[in-house]
Amino acid sequence: MIDTKETIIHKFNTELGNDLRGLNKIYEFHQYLNTQKNEIQKSLSMASSEAPSKVKAVIENVEKIDIEFQQLQKAFIEFKENIQETMQENDKSLEMQKIINVITYLNKSLLYLNFIKYIENISDEIQVSLTNGDDELTISLYVDLTNISCQLRSSTCHYLQNYVKETLYFWHNLIKDKLSKEYNDILKGLKWPFCGNNASSLHISVPEILMKFKILTEYLFHLQLPEETAKPVVTSVLLTDFTPVSLPISLLVRPLRQRFIYHFTGSKLTNRQDKPEWFFTQILTWIKDHVQWIQKNVQPAANSIGLNHIDMKVEFMRALIQLAVEKLHSELSIVQYDDALFAHLVDEALGFERELRETLFYPSTQPATVFVLTQAHIFVKWINMEKKYATEKMDAILSSNTAWEKLLTSDVDDMKVTECADAFLTLLSTISDRYKHLPQPGHRLQFLELQLELIDDWRVRLLQLLHENYEDPLTSLMPCILNTLYYVATVLEEWGVTVHFLQLYFFKKQFEAVETATLKGNDITKNVGEIEGSVFDEAVALLRRLEKTLINEISDSVGLDVKAKSRSYRTDKWFAMQSSKEVVSLSVTPTGYSMFQELATQLNLLHNTLALPLFEQAWKNLASQFDQFLLEEVVLVNHFNMGGAEQLQYDIFRNLFPLFGLYINKPESYFPLIKEACILLNIMLGSAILLVEALNDDDEIIANEILADIGVYKMSPELALKVIGTRTDITYV
């Protein structure tokens, strides 16, 4: 009550304030309170009228919920009863399922035992057929056993799988031993292998024995263990690449293997470290002597049982090559510390590989001796030896007394090929032949880098020789070195577009792209675009640059020699010479004899010493030099009367051009300046005066057109005026 009173007093104080003049607000406050009173009374009246209807609605809703609850309770009871009945039925089903599971297990066990019994029956039958000597039935039963083993591949019965495999392997060994003895007897009847005293038996075979051989070969093919069952014996990591050969081939190779081991192991005289070619040659000989017979008599037996996809000739070769690989591997471990023996063994191994691939067509997908040489420690030794011997060979080539003599081969006579160039290219070609059968691009690229290094070393050595023999270019080694450079660069360009080097260029760019992408963290494909060029581009560019420098040097030297003979010709009295009307006939200016004679001699010397393409470059350089020289040192520094102009034209057209005409067609096209100078010096006086007036105009286009009308195309109007200005019959400023 006290709180209410204080609230009212606070309310009045708030509305009326402390100022007594504000008491007039009491009327407004009174009116506000009356309004609130009326609203409260009105709301109470409405609540009293609405309450009964809301209470009724609530009651109806409660009754409805009660009805639904009773229905749900009834449904729950029914559902509970159903669940109890179902659980009772499931208990009965579980008991039944247990019985069924037991029956199923017993049935599977019975089948398992029956299967084992079936395998045992087959084994018993095989035993009987082996005892009776019925090879056909034995093989038939063995094939059935093999098929069963193959069908069990997907089975989860691992013990059963192992049992069948062990059974198969057991009978395989017994049957193999029996048939191998029969097979060896037949081979003796055929006098296999066909070597030594039996070589003449290759084409003489008894038909009955040959028929038995083919039948027994088919049996042996059937006797082959499935791939997943076979247990190949691998004595070295190197031999893992050799797929096991079929059983008949293995038996055919066995006597050859025994002979190989006999002759090339231990203390036999034929087992010499300095003669590895003996065992390589023996393998090649055996292959050549027997592959055709294998193709004719073993392949049909394989085809008849569906083994068409297996090439028996390749299998036979692979089995023999495996012998060479084993021997090579053992020899390398011994001779790798002796450079001479190591190099010789590598040479013979590469020659053996080349013979296999190129002559005997041994597939590139099959392993051979090269992959033995690409073992890391052997390969490093090999490539270092290649570099050592190649460097020594280059020294021998360059120091030979006949190094710079021309080859006598007529088809390259125009190239003036030196023995030196041919020997160096042969060296590079030999290296290519030695590594081109390497299967890994990375190994081939290392040899390519060696070749590029040798080419650069070769270029440097030629430069050193030039400095050591620096004298008159034409009489020194320079022409021979030039011919060598040109021929080597030309051949390298031709090699660059061959399949072998194009592949290497592609691999090289691929490796570079991978390295770039790895360093920058980019996608590799972003660094691989269209690949153009060749592996020799950089090397050839350096050779061509040196070639161009030497050509210019020779041309300049010849030009200086000829110009040294031209002093009297340049200072002749061109302004006071007799015209053609005053002499019987024109002849070469006497003061020009020595110059033209020197030019003719030097051109002939260039032609005889330089390769034709180099000579073409040289005379073009000389022509350009003399064209400029005659214009600047003869025409522009002298004055010409009519006789002098005619004499100069005679010297040029009847002597200079024919000198070059011995080697080229239309030599005048390479002397445009002196040719046009002769035209300007010899045109009629009236035409010359009109031409001067026209050229003095400012319109350069018109001036050029007028010059073109009289056959002057190269000279500018200013230069043409200077040439005309040397005529004594014209004076102009």
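Not measured: the values here are computed from a predicted model.

Criteria and cut-off values
- Residues numbered from 1 in each chain as written.
- Predicted model: local features only at pLDDT ≥ 70, side-chain atom pairs only at ≥ 80, totals over all residues.
- Heavy atoms only, no water.
- Patch = residues over 30% accessible without salt bridge, like charges linked within 9 Å, V, L, I, M, F, W, Y side chains within 5 Å.
- Areas by Shrake-Rupley, 256 points an atom, 1.4 Å probe, with all protein chains shown as cover.
- Salt bridge = Lys/Arg side-chain N within 4 Å of Asp/Glu carboxyl O.
- Lys, Arg positive; Asp, Glu negative; His and termini not counted.
- Charge placed at Lys NZ, Arg CZ, Asp CG, Glu CD.
- Helix = DSSP H or I, 4+ residues; strand = E, 2+ residues; numbered from the N terminus.
- Buried < 20%, exposed > 50% of the residue type's maximum accessible area, 1.4 Å probe, protein only.
- Axes fitted to C-alpha atoms, helices over the stretch in contact; angles between N-to-C directions.
- Parallel < 35°, antiparallel > 145°, perpendicular 65-115°, else oblique.
- Contact = heavy atoms within 4.5 Å.
- Nonpolar A, V, L, I, M, F, W, Y, C, P; charged D, E, K, R; others polar.
- Phe/Tyr/Trp six-rings, centres within 6.5 Å; stacked < 30°, edge-to-face > 60°.
- Left-handed = near helix turned anticlockwise from the far one by under 90°.
- Core = buried A, V, L, I, M, F, W, Y, C linked by side-chain atoms within 4.5 Å.
- Domains from an automatic or database assignment.
- Expected span 1.5 Å × (residues − 1).
- Polar contact = N/O pair within 3.5 Å; in protein donor to acceptor, adjacent residues only side chain to side chain.

**Student:** Describe a negative patch on the surface, with residues and values.
**Tutor:** Together, Glu693, Asp697, Asp699, Glu700, Glu705, Asp709 and Glu718 make up a negatively charged patch on the protein surface. With 3 residues, the top contributor of residues to the negative patch is helix 24 (residues 700-709). Mapped onto the fold, Glu705 is located in helix 24. Looking at Glu705, the relative accessible area reads 47%, which means it is partly exposed.

**Student:** Give me the lowdown on unusual backbone geometry, citing residues and values where you can.
**Tutor:** Going from Trp192 to Pro193, the amide bond is cis rather than trans, its omega being 0 degrees. Relative to the helices and strands, Pro193 resides in the loop between helix 4 (158-189) and helix 5 (207-222). Unusually for a residue other than glycine, Lys191 sits at a positive phi of about 60 degrees. Taking relative accessible area as the criterion, Lys191 reaches 44% and is therefore assigned partly exposed. Unlike most non-glycine residues, Phe361 shows phi in positive territory, near 55 degrees. Note on placement: Phe361 falls in the loop between helix 10 (339-359) and helix 11 (370-373).

**Student:** Outline the pattern of salt bridges, listing residues and values.
**Tutor:** What the rule picks out here adds up to 24 salt bridges. Residue Arg461 pairs with Asp395 through a salt bridge whose shortest N-O separation is 2.1 Å. Note that Arg461 is positioned in helix 14 (residues 441-468) and Asp395 in helix 12 (residues 376-399), a separation of 66 residues in sequence. A salt bridge links Glu547 to Arg544, with the nearest nitrogen and oxygen atoms 2.8 Å apart. Residue Glu547 and its partner Arg544 are both found in helix 17 (residues 537-564); the two are separated by 3 residues, about one turn of the helix. Look at Glu547 and you get buried, because its relative accessible area is 4%.

**Student:** Residues and numbers for the environment of Thr498, please.
**Tutor:** Among the structural elements, Thr498 can be located in the loop between helix 15 (478-496) and helix 16 (499-520). Residue class for Thr498 comes out partly exposed when judged on its relative accessible area of 32%. Through-space distance from the C-alpha of Thr498 to that of Ser534 is 9.4 Å; in sequence the pair is 36 residues apart.

**Student:** How would you sum up the packing of helix 10 against helix 12? Please name residues and give values.
**Tutor:** Axes are the key here: two packed helices are described by the angle between their axes and the distance separating the axes. Relative orientation of the contacting elements helix 10 and helix 12 amounts to 100 degrees, with a least axis distance of 11 Å. Comparing the axis directions of helix 10 and helix 12 gives the class roughly perpendicular. From helix 10, Asp339, Ala340, Phe342, Ala343, Val346 and Leu350 reach across to helix 12, where they touch Ile378, Lys381, Trp382, Met385, Lys388 and Tyr389. For the contact of helix 10 with helix 12, the class distribution of residues is 9 nonpolar, no polar and 3 charged.

**Student:** Run through the packing of aromatic side chains, naming residues and quoting values.
**Tutor:** Under the counting rule described, the total for this entry stands at 31 aromatic pairs. For the pair Phe260 and Phe264, a centre-to-centre distance of 5.0 Å together with 50 degrees between the ring planes defines the contact as tilted. Here Phe264 and Phe260 lie together in helix 6 (residues 247-264), a separation of 4 residues that amounts to about one turn. On the basis of relative accessibility, which here comes to 4%, the residue Phe260 falls in the buried class. With a centroid separation of 5.6 Å and an interplanar angle of 45 degrees, the aromatic rings of Trp574 and Phe640 are classed as tilted. With Trp574 in the loop between helix 18 (567-570) and helix 19 (593-609) and Phe640 in the loop between helix 20 (612-635) and helix 21 (642-661), this residue pair connects regions lying 66 residues apart in the sequence.

**Student:** Give me the packing of helix 22 (residues 672-682) against helix 25 (residues 717-724): which residues, what numbers.
**Tutor:** In contact at an axis separation of 9 Å, helix 22 and helix 25 are set at 55 degrees when each is read in the N-to-C sense. Here helix 22 is positioned oblique relative to helix 25, judged by the angle of their axes. By crossing handedness, the relation of helix 22 to helix 25 is classed as right-handed. Contacts between helix 22 and helix 25 involve Ala677, Leu680 and Leu681 from the former and Ala720, Val723 and Ile724 from the latter.

**Student:** Report on the nonpolar core, specifying residues and quantitative values.
**Tutor:** Among soluble globular proteins, nonpolar side chains are generally buried collectively. Within the largest apolar cluster, 197 residues are counted, with the highest numbers of intra-cluster contacts made by Phe213, Ile249, Ile321, Leu356, Leu648 and Phe660. If one sorts the elements of this core by residue count, helix 9 (residues 312-335) sits on top with 13 residues. In terms of domain composition, this core takes at least three residues from each of domain 2 (424-544) and domain 3 (567-726). If we ignore the near neighbours within four places in the chain, the residues touching Phe660 are Leu599, Leu603, Trp619, Leu622, Ala623, Pro667 and Phe671.

**Student:** Break down helix 9 for me, citing the residues and quoting the values.
**Tutor:** Taking 1.5 Å of rise per residue, the 24 residues of helix 9 would be expected to cover 34 Å, and the 34 Å separating its terminal C-alpha atoms lies within 8% of that figure. The buried fraction of helix 9 amounts to 18 of the 24 residues, a majority that puts the element mostly inside the structure. Among the residues of helix 9, the N-terminal cap falls to Asp311, whose side-chain oxygen and the backbone nitrogen of Lys313 are separated by 3.0 Å.

**Student:** Help me get a handle on helix 10, residues and values and all.
**Tutor:** Taking 1.5 Å as the rise per residue, helix 10 with 21 residues should run 30 Å; its terminal C-alpha atoms sit 29 Å apart, in good agreement. Against the buried residues of helix 10 lie helix 7 (276-297), helix 9, helix 11, helix 12 and helix 13 (419-435). With a side-chain oxygen positioned 3.1 Å from the backbone nitrogen of Ala340, the residue opening helix 10 is Asp338.

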